[in-house]
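Breakdown of the fold
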Amino acid sequence: MNEKPPSKAPDKFLKPYDPAAVEGRIYKLWQDSGYFNPDKCLEDGLVTDMAKPFTIIMPPTNANGSLHAGHGLVMTIEDIMTRYKRMRGYRTLWLPGLDHAGFETQVVYEKKLEKEGRTRFEIEPKKLYQEILDFTLTNSANIKEQIKKIGASCDWSREKFTLDNDIVRTVYDTFKRLSEDGLLYRGKRIVSWCPKHQTSFSDLEIKDEERTEEFYYLKYGPFTIATSRPETKFGDKYVVMHPDDKRYAEYEDGQKISLEWINGPITATIIKDKAIDMEFGTGVMTITPWHDPVDFEIAERHHLDKEQIIDERGKLLPIAGEFVGMNIKKARPLIIEKLKAKGLVEKTDMNYKHVVRTCYKCGTIIEPQIKSQWFVHMKPLADKALEKIKSGEIEYIPEHYKKITTHWLENIIDWNISRQIVWGIPIPAKICQKCGEGFVDLDDKLRTCAKCGGDLIKDNDTFDTWFSSSQWPFASLGFPGSEDFKTYYPTDVMETAGEIIFFWVSRMIMLGLYVTGKMPFKTVYLHGLVLDAKGQKMSKSKGNVIDPLTLTAKFGTDAFRMGMVIGNTPGTSLALSEGKVSAYKKFANKLWNIARFIFENVNDVDMSVSYSANDVALIDVRDKLFKEITAEMDEYKFYIVAEKLYQYAWHQFADQILENSKHVFQNESAEGIASRKRLLVETLDKLLRALHPFMPYITEEIWSDMPVALAAGKGKKPLMVESWPIIT
RNA sequence: GCGCGCUUAGCUCAGUUGGUAGAGCGACCCCUUGACGUGGGGUAGGCCAGGGGUUCGAGUCCCUUAGCGCGCACCA
């Protein structure tokens, strides 16, 4: 037996692939090259100024958060898109951003305050804002490092934060423009109020919960009314029924009746309104306009009085008489007790199932309240968006999100954009102390109310964080005047979670169209949830949260990325397990050893030799594959491409071609050997290129270790900016 | 109630414009220590949820039933 010849592969190839020894160094190499920035690519002649731009705006990440599996997915998919397009010669920009995440962050900070024995209500707003800002900025370095860890090739020189001055300015301009166009109004309207968080919400921030509760049938004069909320009934002085209801034909609209109620005799007025469902309950109800949206609408229609019964903290007001100051939850049974004593409770249904609206964050029952808030009149914006969507100006992946979106847009309601929290962009407006009217005032000029002459004070509310983030695609690019905006807008792909199709994506479309006149992006790519190995939603309380950084540390980032993309079709959720990721670590090692085999066995190569008949057949198979995957990359079918490359590299290239090469090198003619060497080197070259968007670290590492004799003038620039294996 | 999906091998899922069912993981069997912290070869036979229809032909189009999931709107 001959002794093994000395290896020509670098020593590190004698050991398994070690991601920890590679990733930090490679990311630095990329960053130092400057090629995450398309301007630098242009400057160095890697793309021409004729090159088409390709732009992705990263969904701004919560600056205060840490990377979870969902982020891992975003970063992986967007990086694949970005690296692919960069290799295809596009002027590629992936713009990273951080989000102040208004309410979310404030809630986190409130918990911190709570631990310190403080509450936000005792801190002066400006000081509180500064505290949260410091807190957020301190933590933001963390999330950025984590994004880098996933290998994100985004242009950090263009990083934006949602509270940057220029962003805020853009948001203000939009606010003003909405006002000028009559699309903004300040209205005393019923809003969804969280008694714990002391702020209003949009309809999207409310979670419905089905509950079984008591349903009381109460005697209200000659009528019986049904309610699940007796604690709101103190002020009820209108009794409503359907105008066509024969049972109550004897009563007339506007008729007054006297009756005994919770705290004594009252006079009630009869109202006839078609909003009443004759089939439900007794077909009669009393209304509480201040605390119920339907009742509010009825009161508006008939110009009825509205009285507040429950305060902002969920406690009863003086109208409740002896129950004043009492928490509504506590008051309910006591009120029923009193009603029973007065003989006003006819019956109680103990198994009444209905839906209660709760705060998505704390689960507290939402207490509707009438408040003066800023609303955006959405119908015109939605109509414009619908027109463009229906005419096919935007592509949805998966396609059915288009239907979901149009359905939502067709039924859109006005958007409450003011929040009673300090952590956010202050609303640039003044409020009249006398009449409550609001005025947009960007430059702090207004002093007196144009309507009633009263004094104006600063509006203390902030914008719903989604109002500013809905402007992100153009705001982050420096709308309106910047070169970047001209070059990169409209952007190409908006890749984000299907969960926020309404919150964010649809609103970006509406505001993008409204402000710039153009669709903010050409394609919407929506991914699903990342679930645990058993297919369950990850949650802290269940303790099944998988930390992406634990996985990257254990198996390497490339393996993690493969685990994220393979088997992950758009819009469907992905079950993530250690086993899956570990399988791709093996694959990384396989690639490593493919390289080692070639480096050890091919000392030199002549890239101009003709191929043997046998190798031509192998090349046909290979090149057919590359043609297929290129088409699939263009269709965003990354899950297929990754799997095909895995399959080819392992079971074709390694199992068949490399194994067979051992015989070729021993038994065939010099021509045959030369042909095979060329095949090996060329295929490795193509494979590294094709795998690079998926597994950037190991491919870059192998690329940089390619022996000079095989590199043929390559290797001067990073693989990251080399070309995709075929040009179609 | 309205809307949107899903139901394919034990598990996770692919199946593009309709043409005699695929991958990964797992399982099982055999082999192997000079590219590989193992690897190679092989096996496993799923009425493509049920029913109906269109078609020469349907997992792939249409209708329908059932189960599951999600979204929206809600009746006091």
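Whatever comes next refers back to the structure up there.
Residues numbered from 1 in each chain as written. Chains lettered and ligands numbered in written order. Predicted model: local features only at pLDDT ≥ 70, side-chain atom pairs only at ≥ 80, totals over all residues. Heavy atoms only, no water.

**Some words on the pairing of strand β11 (residues 256-261)**
In plain terms, the rule: Exposed residues in this analysis have more than 50% of their type's maximum accessible area, buried residues have under 20%, and partly exposed residues fall in between, with area computed by a 1.4 Å probe over protein chains only. Each helix is a run of DSSP H or I of at least 4 residues and each strand a run of E of at least 2, with the numbering of both proceeding from the N terminus. Strand pairing follows a simple DSSP-based rule, namely that at least 2 bridges must link the two strands.
Judged by which residues are buried, β11 turns out to be one-sided: Ile257, Leu259 and Trp261 face inward and are buried, whereas Lys256, Ser258 and Glu260, on the alternate face, are not. Across six bridges, the pairing between β11 and strand β12 (residues 264-272) is antiparallel. The residue of β12 that forms the bridge with Glu260 is Pro265. Hairpin remark: β11 followed by β12, antiparallel, with two residues in the connecting loop.

**Observations concerning the packing of aromatic side chains**
Applied cut-off: What counts as a ring pair is set by centres within 6.5 Å for rings of Phe, Tyr and Trp (its six-membered ring), and what kind of pair is set by the plane angle: stacked under 30 degrees, edge-to-face over 60, tilted for all other angles.
This model, assessed by the stated rule, comprises 39 aromatic pairs. Ring centres of Tyr17 and Trp592 lie 5.0 Å apart, and the angle between their planes is 50°; this geometry places the pair in the tilted category. On the criterion of sequence distance, the pair formed by Tyr17 in the segment before α1 (19-33) and Trp592 in helix α17 (residues 578-601) is long-range, its members being 575 residues apart. For the pair shown, Tyr17 and Trp592 are each scored as buried. Taking the centre distance of 6.4 Å and the plane angle of 70° together, the rings of Phe54 and Tyr90 count as edge-to-face. Taken together, the positions of Phe54 in strand β1 (residues 53-57) and Tyr90 in the loop between α3 (69-87) and β3 (91-95) put the pair 36 residues apart, joining distant regions of the chain. Judged by relative accessible area, which is 3%, Phe54 ranks as buried. Assessed through its relative accessible area of 23%, Tyr90 is described here as partly exposed.

**Considerations on the pairing of β1**
One face of the sheet, then the other: side chains in a regular strand alternate in exactly this way. Counting buried positions over the five residues of β1 gives four, a clear majority of the element. Both β1 and β3 contribute to a ladder of five bridges, which runs parallel. Following the sheet pairing, Phe54 is matched in β3 by Thr92.

**A few points about helix α14 (residues 501-516)**
Condition: Bend angle per residue: angle between axes fitted to the 7 residues ending at that residue and the 7 residues starting there.
Considering bend angle alone, the principal kink of α14 is centred on Arg507 and spans about 25°. In terms of burial, α14 is a largely internal element, 15 of the 16 residues being buried. Phi for Gly517, located one or two positions after α14, is positive at around 80°.

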